[in-house]
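# Coordinates in review
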Amino acid sequence: RSLTYRNPQYSPNGKAIAAEEGKGFEDGMGDVVVVDAMSGKEIFRFDGGSVSAFAWNHENELMISGYGKFVFDWESIGSNGKQSTNSKQNQIRSRLRK
């Protein structure tokens, strides 16, 4: 079964899109994936389990219900979607800023 996406949401600054990613969603919600809006390159992935909802706040932080907010270093994400640090470090940094 191929991956599908639902509930895409642009960040307020227009630099990223967050969406649910899954294989049919029979078991509820899949991962929350954030991609660069220009390149489509993955910036962040949250696979923390059962997420009921997510949304961007006015400060360009991703709010994941039951888990808190995830803060992104927008300056390190270039217009081509490349980051100055690797994705795993950004995930850890984002989780620490909850």
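The coordinates are above.
Residues numbered from 1 in each chain as written. Predicted model: local features only at pLDDT ≥ 70, side-chain atom pairs only at ≥ 80, totals over all residues. Heavy atoms only, no water.

## Notes on the overall build of the protein
When helices and strands are counted, the protein shows one helix and seven strands. In the protein, the succession of helices and strands from N to C terminus is β-β-β-β-β-β-β-α. Within the span of the protein, comprising 98 residues, buried residues form 40% of the whole. The long-range share in the protein, meaning contacts at least 24 apart out of those at least 6 apart in sequence, stands at 36%. (Helix = DSSP H or I, 4+ residues; strand = E, 2+ residues; numbered from the N terminus. Buried < 20%, exposed > 50% of the residue type's maximum accessible area, 1.4 Å probe, protein only. Contact = heavy atoms within 4.5 Å.)

## Considerations on the side chain of Asn57
Relative to the helices and strands, Asn57 is located in the loop between strand S5 (54-56) and strand S6 (62-64). From its side chain, Asn57 meets the backbone nitrogen of Glu59 in a polar contact 2.9 Å long. Not counting the four nearest positions on each side in its chain, Asn57 is found in contact with Pro12 and Met63. (Polar contact = N/O pair within 3.5 Å; in protein donor to acceptor, adjacent residues only side chain to side chain.)

## Some details on the pattern of salt bridges
Evaluation of the coordinates by the stated rule reveals five salt bridges. Ionic pairing is found between Glu20 and Arg6, a salt bridge with its closest N-O pair at 2.7 Å. Taken together, the residues Glu20 in strand S2 (residues 16-22) and Arg6 in strand S1 (residues 4-10) connect sequence positions 14 residues apart. Across the pair Arg45 and Glu21 runs a salt bridge whose closest N-O atoms are separated by 2.5 Å. On the criterion of sequence distance, the pair formed by Arg45 in strand S4 (residues 42-46) and Glu21 in strand S2 is long-range, its members being 24 residues apart. One network of salt bridges, with partners in common, ties together Glu21, Asp31, Glu42 and Arg45. (Salt bridge = Lys/Arg side-chain N within 4 Å of Asp/Glu carboxyl O.)

## Some thoughts on unusual backbone geometry
Phi is positive for Asn7, which is not a glycine, with a value near 60°. As for its placement among the helices and strands, Asn7 is situated in strand S1. One non-glycine residue, Asn60, lies in the positive phi region at around 65°. Within the fold, Asn60 resides in the loop between S5 and S6.

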